[in-house]
Amino acid sequence: MNQNIFTHVKHFFHSNFNIDEALIIPYAQIERDFGFYGDDIDDIFLRLSKEFNVDFNILDKRHEFSPEGLGIISYLIKWIHPSPKLNDVPKQKDMSIHELVDIIEKLQIRES
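Not measured: the values here are computed from a predicted model.

**Q** Just give me the short version of the overall build of the protein chain, but keep the residues and values in it.
**A** A tally of regular secondary structure across the protein chain gives five helices and zero strands. Reading the protein chain from its N end, one meets helices and strands in the order α-α-α-α-α. Sorting the 112 residues of the protein chain into buried and exposed places 36% on the buried side. At a minimum sequence separation of 6, the contacts of the protein chain that also span at least 24 residues come to 72%. Of the roughly 7400 Å² of accessible surface on the protein chain, 55% is carried by carbon and sulfur atoms.

**Q** Describe helix α3 (residues 39-52), and please don't skip the residues or the numbers.
**A** Between its first and last C-alpha, α3 extends 20 Å over 14 residues, near the 20 Å set by a 1.5 Å rise per residue. When we look at burial in α3, the residues that qualify are Ile41, Ile44, Phe45, Leu48, Ser49 and Phe52. Along the axis of α3, the buried residues cluster in a sector spanning 140°; they form a single face. Seen from the buried face of α3, the exposed residues on the opposite side, beyond 90 degrees, are Asp39 and Lys50. Looking at the buried residues of α3, the elements they touch are α1 (3-17), α2 (30-34) and α5 (97-111). Two residues or fewer past α3, asparagine 53 is found with a positive phi of approximately 55°.

The rules we used
- Residues numbered from 1 in each chain as written.
- Predicted model: local features only at pLDDT ≥ 70, side-chain atom pairs only at ≥ 80, totals over all residues.
- Heavy atoms only, no water.
- Helix = DSSP H or I, 4+ residues; strand = E, 2+ residues; numbered from the N terminus.
- Buried < 20%, exposed > 50% of the residue type's maximum accessible area, 1.4 Å probe, protein only.
- Contact = heavy atoms within 4.5 Å.
- Areas by Shrake-Rupley, 256 points an atom, 1.4 Å probe, with all protein chains shown as cover.
- Expected span 1.5 Å × (residues − 1).
- Arc of directions from axis to C-beta.

As structure tokens, then:
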């Protein structure tokens, strides 16, 4: 992991979203640990694109983060119809800070 990019990412999350820098560790999960999902993710990646001068449009973020409101809908479906098959909702993979730093580094190399 590129330490310079990691430090920059820590500063980015702290200054833009007021997250304590002590909590921004390599294996912190963006959705689980910081509560970002749905439209928040679009906003974060738009800001990251400007901050690091890279294009995140090649990423399919649907596989990394939950869409807006899915948690409530899933909960209601499970509450109304507690079927084992309905409870097997596929879990999203959550992007870590470490993965984000690696992606930024690869995009910077790709776009240089």
